[in-house]
Each structure stands twice: as C-alpha cells, then as structure tokens.
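# Secondary and tertiary structure notes
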Amino acid sequence: MHEKHFELVPIVRYVSPEDSFKTERKVCELAAEGVTAVFGPSSMLTSGIVGSICKTLEIPHIITHWDPDPLGGVDPELQSMTINLYPEADVLSRALADLIVDYSWKSFTIIYDSDEALMRLKDILQIHGPSDAPITVRQIDDDPDYRPLLKDIQSSGESHIILDIHPERILELLRQAKEVKMLEEYQSYIITSLDAHTIDFEELRYSRSNITALRLMDTKSFDIKNAVHDWEQGEARMKRPFRVSPEHVHTESALYNDAVKIYATAIRELDATEEITPSRLSCGSKNLRQWPFGLRIINYMKVKTEHGITGPIIFDDFGRRAHFHLDIIELSKDEGFKKIATWDPTHGVNYTRSQGEVYSQIVESLQNKTFIVASRIGAPFLMFKEKKDGEFLEGNNRFEGYSLELIDGISKILGFQYRMELVPDGKYGSYNKITKKWDGLVKHLLDRKADLAVCDLTITYERRTAVDFTMPFMTLGISILYAKPQGCDILPKAISTRLVAGMWWFFALIMLSSYTANLAAFLTMERMDATIESAEDLAKQSKIKYGALMGGSTMAFFQTSNFSTYQRMWAAMESARPSVFTKSNDEGRDRVIKGKRMYAFLMESTSLEYITERYCDLTQIGGLLDSKGYGIAMPVNSPYRTAISGAVLKMQEEGKLHQLKTRWWKEMRGGGQCTEVPNAAGENELGIGNVGGVFVVLALGCLCAFIIGILEFLWNVRKVAVDEKVTPWDALKAELKFALNISVTSKPVHNTLSESTASGKSSLRSKSESRRGSEQAGRTNNVRTAASLTNIDKIGFNFDKN
C-alpha cells in the first residue's frame, strides 16, 4: 500500500484443513505462478506438507498458528524456510503456568475440546507435584449441553476452571455455567484463547465471577488503530465496505498483518542492494530449480527485529517467536475486558494496577451487596435475643452477641448488607477422613450456601485447606476449666496446718536442739507445698477425668499433637468410658459443675473466661497450652478477604474489638458478677480427693517426728538424772513441769547434793551449769522458732495463702 517501486499482490487459495493431497497440489500451482512467499495454511495438519514443498523450492513459508515442537525436537534443516509469528508453544504454556502460580490456584479443573489443548497446557500439568491437590481434566464433545459437566464440577467443590476450547464455544459454555450457579463470585475462569477479547460478553458483564484471558496485542495502541484504518481504506478502494473496531481484531488477522509487514520490509531492504525478481517453479520437474532469493529473504527476516501490532517480533534460530508480550485482561462491569497486567518471558507477570486500585475496586463492588453470614448459637458470640411480652422478632433482630456486632461494624465500614443464618448441624467444621467430607460451617461455605462464617471459629491448618480466613479478630489458647474447692475441701488443710504448727511449737520446748523441728519441717513442707496446677499434673493422675468438645479444634489439638504429655492426655481421653467428650461447651461446663471436682474440661480460653465471669464456683487451672486465633471464614479465593481483613484491622486499631469483648464478657448477660469475689483458699488446686496422698505423707512425717521427739526427751531425762544424782522419775517430773510452764523462760539448777560433797564437786557442777545454760539458750531459741512457726500458714505454704 505504501511502497512505490514494487507491489505485493495477494493470491488466495482455500484448502481443507485435513486434505494434504489437495493442499500439496495448490502449493505447486502457486509455485508455477511465480509466488515469492506462501502464507499459511491455518491448519497444523496440512502445514507440514506446505513447509516441505517450500523448503525444497526455497520459497519463504510464513505461518501464524500454534505449532508444537515435533517429537524428537526441531530439525533445523526441515525448518530452514519456515518462520512462525504465533507465540512459541512452550513459552506460551509457561505464561499460563506463571499466571496460575501468581493466582495461587492450589487446584483447578481443565475443560478442553481437542487433543491439542493438552499439548498447549503441558507446563500447567507439570507445575503440580505428587503431594499437591489433584488437577481434574474434562473433555467436552459435540453435545451442546454442558450443564451435566458443569454440575459435576460444582458438586466437587472446584472453583477454578481453565477453558481451552474453541472461541465459538466459550460464550455458550459460560451462559450455561450461569444457569447452574457456576458463575458466582467464588468461581474463577482463565480462558486460554488469544481471541477471547473479541467475544461479546455484554450479557455476562455483570456476573460475579472473575474471568481472565490473555491477549497478544494492546487494542488501545496507535499501531492497531492505524492498521485498522488502513484496512478500511484499502477495502473501500476495492468497493468492499469494511468496519471493525480495534477491540475486535482477531489474533490471526493481526499476525497476518505483521507477517506481511516484516516480509515487505525484507523485500524492500534486500531489493535496494540487488533486484529481486519472481521465478516460476515446478514441483515435478526433473531438473528441479530453486528460487535464488528465498533463502536470503527468510534469513534476513529471522535476524530482523520489527515491532508490529502484536508487539515486538523477534525470532530464534529456528524461526520461532520465542520473545513476545501478553496482556492479561479481566472482564469488568464498566468497560468489558480491562488490562490488569502484562507478561513476558523475562519478567513474568507484572501488574499495571496498584494494590490501592484493586482494593478500591473490591470495596466498590461491595456497595449494596447482601452477604449471607453463617453462624452458630454459642454465648457470647451469638445468642437468641430475649423476647419481651408480645414482641415478634425476625431476621437479624432475632440474635444478639459479639459475632453480630462484629459483622455489623464491618458492614458499616465497607457498606454492605448482611443476613444472619444458623448452620443446620450447629458444628464448627471438621473433616471426616472416611467420608472425605466436611461438616458444620466449613461445609456451608463449600456448598456456597453462605458468603461468610462468623463465630468462635478457630483458624487451623486443616480448615485453611478448605476455606480462607481473615486476619484474627481475637487471640486465645486452650486452658482447663475446673471447680473451685468447697469448704469441706479447705477445712482439712486449715486444721492440719494449725496442728503441725502446734506440734512444732511443742517439740521446740522439749527438745534439746532444733534438729527434730527441722526434720519435721523437711518431712512435711515438701509434700504440703505440692499441688496439681497444670496440664502436666493432670496428665500424671488418673482419678480426675478430663475431656473436650467433640469435633472442635481443642480435640484436634490433642489428637494431632507430637508432645508426649498431650499425647498421653489424648490417649486417656480417647479410651475413657463413658466418653469424656461433649457436644457443646455448655455441656462441658455443666459436667464440671456436677462432677464434684472429678471432671475437668479443656476448652478455649475465651469461652472459659466467659463462664468464670458468671459461674463463681468455677475457675481456670494453669496457663494456656497453645496460641491461636479466631477468624472470619469465607470460600477459597474470595475477592473480599482483603477488604474484610482491612475492616477488622481498622476496628482493632480504633479499640472497638476490645470494647466489644468487654461488653459481652463483663457486662451483658450477667457478666462481671464474680470479679469482686475474693479468691477462695486453694482455688488453683484440684482438690482434697486428688491430693490425699499429701496428707498421708504429712501424717507419717508428723508421727515420725513425734516418736523421735519423745525418744530424745527421754534420753535427756536420763542424762539429767545421772548428772543431778536424782531418780529418773524425779527428773521426768521436773522436765515435764518446766516444758509445760510456758511462762518460765529460765530453768533453776537442781541442788540435791550434800554440803559436804559440794566443794569436791564444784568443778563438776560448774561444767554442768555451763552445759545446762547452753541447753537453756537452745530451748529459748526453739521456743522463739516455734512461735514463728505458728504463723507458717501465712508465709510458708501456697495451699492456704489465697
């Protein structure tokens, strides 16, 4: 059109895409007419025979369709006269694989209609390892009813679909997908055809699914607008009216335009150095002639870098287009397909929109949307509102609680509406390895019966494989709910404490030294100070039973733990008869109350705090066994996860989450009534029944100390009788009298010896008095020690300090 010194005249021949014989004959006819290049055919089946003839006659062969590498690799000799402007098969497959990895698709289903599709998607099929989620591959036939296939995919729970089908089938398949509720906001589609942008998706523009496609050209570029204008002008000169918008230009048309352009450039530039003239060639001639300019032209095209309406045109040594750019486009409500990113072999996926734009788009889509929010009854997260006389409650007004006010706060930030619904089975959500199905809230989300699930739903690894979670709105851990000791439990310990203190005081009076008192303290303090206050202590005994909520995250924690203590506790819980597991936290609470300190309930600390705020005879034992969080669940790859997480973070930063917890834990429904109650003595202990062995050891220690004290006292009486020359009975009475008279702080010296012997024994008496003075000092010290021991319950033992 623009060249003055030569003109390219097109000669068009139509051939069957499967008839190689007729195709060969047509090519030979064109060679006899003196063609200087052959473009096409569009069929991969007949392209090989055309390339073979062109290679023999050395006529440039230019193709514009997808062409896989032959088995055994590319033969440079066979491909010497052929170049292909269509993206190289392996590189295009890698582009699709990069997109899926960027989208974080863990599993997906491929729908295809020809065997070529599996060859195009080989890189996608190879990106999953043996341990990854399986890839489902489904082929459609000529039957125009795709609904049964789509329903099967829906029942499998799959929400990611790759469509590699002919462009003429794409719109009808998506129409039927909409009919069977497979075009909702949690389904995502990737269309592999590079012509998806030419399809009129007007009727599906407002569908809630994410529909992504690839495009080889930028439909808003100057190059394509200029090319379309030239086409329309050229057709007008030929009296053939032609109208087309850049957005609806097919990839094959654009590739032919670029193919002719690069060929014309090669002819013009080579013709400037040596005149290029056509030659009539014959396929069947015995003296086979080849076109002398063909090899020079094709080699020049391979090394020449051009830029066409399909982007940069660069060939490798085999004539394949290994470097190209792709637009990643997404169907939008406002303007049809919209460019969101680009891809190239060097940089991979590169987004052209900011995260802020993505977030704004999501928030905008939330306006006036109504979410179905699934939950379950469980205080204080969700409870039925107490009706007043004659009052009729319906809809969200039936409920109250932390969960309702949490989702209400989020809805005000993001501007959506919501409708609360209860999950039928009332369960949180656990996976049955036998049936391979989920129950509870997780199943409700997988069945697409709800958009969100809000309650005390713990974020676990297993649940995250099935659904997505927002950031945690509350952190917690597992702890132990147990009954406080009653008066009958405290009394024996109080009596034993005073009894032991009194015995020590008595021993201090009658003993010669503090040795026996210290021995008694050693025998009793060690055992009296030992209490059972943790999960480790609970695991060491077998008298007190303990359990957890059936099917909850607490049960799963012990079931899957690798820690020996928790494994031992799980074994004890699993083997206990009758079962120690409950159907609800309320049942566990009631079982602790009725268990008379013979049952402990393992539960999450948030629920435990709520209970102990209202049931003053219950308490928490020990600290937290783990750390985790509650999150809002939603179907996998929900487009609203980022926005809802942002709203949760905003409420946290503003202190609203803390206000909500204070309101529903300490203020509403009887909260806070146990806050001012003094802690009962021994409230951290597990009870007299469990620590009975401590008192047995205590009694034995006291008995031993008593016996030793009596023996030491009698030994002292004997020594006094010998030293003072009195009868043992008199010495015993004197020592007992002194010991029982607490008002006497000094002991008089016995004087039973005669005056005549006094002088002879003066030195002996001096020694005896010296020894006795030392003994009396020791007794005085023991008395003081005993006096301090009477307050031992205030300073020495944790079992009576609370």
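Residues numbered from 1 in each chain as written. Predicted model: local features only at pLDDT ≥ 70, side-chain atom pairs only at ≥ 80, totals over all residues. Heavy atoms only, no water.

### Details of the overall build of the protein
For clarity, the threshold we go by: Elements are defined by DSSP. Helices are runs of H or I of four residues or more, strands are runs of E of two residues or more, and each kind is numbered from the N terminus. Think of it in three bands: residues with accessible area under 20% of the maximum for their type are buried, residues over 50% are exposed, and the middle band is partly exposed, with areas taken using a 1.4 Å probe on protein chains only. Between two residues, a contact is recorded if the distance between any of their heavy atoms is within 4.5 Å. Working definition of accessibility: Shrake-Rupley area with a 1.4 Å probe, residue cover restricted to the visible protein chains.
Across its full length, the protein holds 28 helices and 29 strands. For the protein, the residues scored as buried account for 46% of the 802 residues in total. A separation threshold of at least 6 residues defines the contact pool for the protein, and within that pool the share at least 24 residues apart is 70%. If you sum the accessible surface of the protein, you get close to 40,700 Å²; carbon and sulfur atoms cover 54% of it.

### Digging into the side chain of Glu613
Inspection of the secondary structure assignment puts Glu613 in the loop between α21 (605-612) and β27 (618-621). Look at Glu613 and you get buried, because its relative accessible area is 13%.

### Concerning the confidence of the model for the protein
Basically, it comes down to this: A score from 0 to 100, pLDDT tells how confident the predictor is in each residue.
Model confidence for the protein is summarised by a mean pLDDT of 83, while 83% of its residues fall at 70 or above. Here residues 677-683 is a poorly scored stretch, pLDDT under 50, and it has 14 contacts once near neighbours within four places are set aside; other chains count.

### Structural notes on the packing of aromatic side chains
Going by this rule: Aromatic contacts are taken between Phe, Tyr and Trp rings whose centres are within 6.5 Å, Trp giving its six-membered ring; a plane angle under 30 degrees counts as stacked, one over 60 as edge-to-face, and the others as tilted. By the criterion adopted, a ring carries a charge over it if an Arg CZ or a Lys NZ lies within 6 Å of its centre and within 35 degrees of its normal.
Across all of its chains, the model carries 22 aromatic pairs by this definition. Three or more aromatic residues joined by ring pairs make a cluster, and in this case those are Phe381, Tyr402, Phe473, Tyr610, Tyr630 and Trp665. Against the face of Tyr428 rests Arg376, its NZ or CZ located 4.1 Å from the ring centre. Sitting over the face of the ring of Tyr599, Arg591 holds its NZ or CZ atom 4.5 Å from the ring centroid.

### Some details on empty space enclosed by the protein
Rules: In this analysis the probe radius is 1.4 Å and the grid spacing 1 Å, with only protein atoms considered; a cavity is a set of points the probe fits into but cannot get out of, a pocket is an open set with protein on both sides within 12 Å along at least five of seven lines, and lining residues have an atom within 4 Å of a point. Grid points are joined across faces, edges and corners, and a volume is the space filled by probe spheres set on the points. Amino acids are sorted into nonpolar (Ala, Val, Leu, Ile, Met, Phe, Trp, Tyr, Cys and Pro), charged (Asp, Glu, Lys and Arg) and polar (every other residue, Gly among them).
For the structure shown, the criterion picks out three cavities of 30 Å³ or more. The space that makes up the largest cavity amounts to roughly 140 Å³. Lining the largest cavity are 15 residues, and of these Tyr428, Leu549, Ser553, Thr554 and Glu604 sit closest to its centre. Among the secondary structure elements, those contributing two or more residues to the lining of the largest cavity are α18 (553-560) and β26 (599-604). Counting residues per element, the lining of the largest cavity draws most heavily on β26, at four residues. Counted by class, the lining of the largest cavity contains six nonpolar, six polar and three charged residues.

### Brief notes about the sheet that holds strand β25 (residues 545-547)
For the record, the criterion: Paired strands, as defined in this entry, are two strands with at least two bridges between them according to DSSP. Think of each axis as a best-fit line through the C-alpha atoms, taken over the contacting stretch in the case of a helix, with angles from 0 to 180 degrees between the N-to-C directions.
Within the open sheet, the four strands sit side by side as β25-β26-β24-β27. Their pairing is mixed. Edge positions in the sheet fall to β25 and β27, since each has one partner strand and no second. Strand-to-strand twist across the sheet, computed as the mean angle between neighbouring axes with direction ignored, equals 30°. Alignment of strand β24 (residues 478-483) against β26, held across four bridges, turns out to be antiparallel. For Leu481, the partnering residue across the bridge sits in β26 and is Phe601. Sheet contacts for α21: β24, β26 and β27; angle to β26, the most-contacted strand, approximately 120°.

### A short note on the environment of Glu587
Quick note on the threshold: Here a polar contact is recorded for every N or O atom pair within 3.5 Å, except that within protein the pair must consist of a potential hydrogen donor and a potential acceptor, and residues adjacent in sequence are included only if both atoms are side-chain atoms.
By the secondary structure assignment, Glu587 is in helix α20 (residues 585-594). C-alpha of Glu587 to C-alpha of Leu549: the two residues are 38 residues apart in sequence and 8.9 Å apart in space. A polar contact of 3.0 Å, which involves the side chain of Glu587, links it to the backbone nitrogen of Lys583.

### Observations regarding the nonpolar core
What counts here: By nonpolar core we mean a set of buried residues, namely Ala, Val, Leu, Ile, Met, Phe, Trp, Tyr and Cys, connected to one another through side-chain atoms within 4.5 Å.
Of all hydrophobic cores here, the largest spans 61 residues; its most connected members are Leu85, Ile124, Ile297, Met301, Leu326, Ile328 and Trp343. For this core, the element with the most residues is helix α3 (residues 89-103), which contributes nine residues. Excluding residues that lie within four positions of it along the chain, Ile124 makes contacts with Ser93, Leu96, Ala97, Ile100, Phe108, Ile135 and Ile162. Counting residues in each nonpolar core, the second largest holds 48 residues, with Leu441, Val442, Ala450 and Phe601 among its members.

### Here we look at unusual backbone geometry
For the peptide bond that leads from Gly40 to Pro41, omega is 5°, which places it in the cis range. Assignment of secondary structure puts Pro41 in the loop between β1 (38-39) and α2 (44-57). Of note, the phi angle at Lys596 is positive, near 50°, even though the residue is not glycine. Position of Lys596 relative to the elements: it lies in the loop between α20 and β26.

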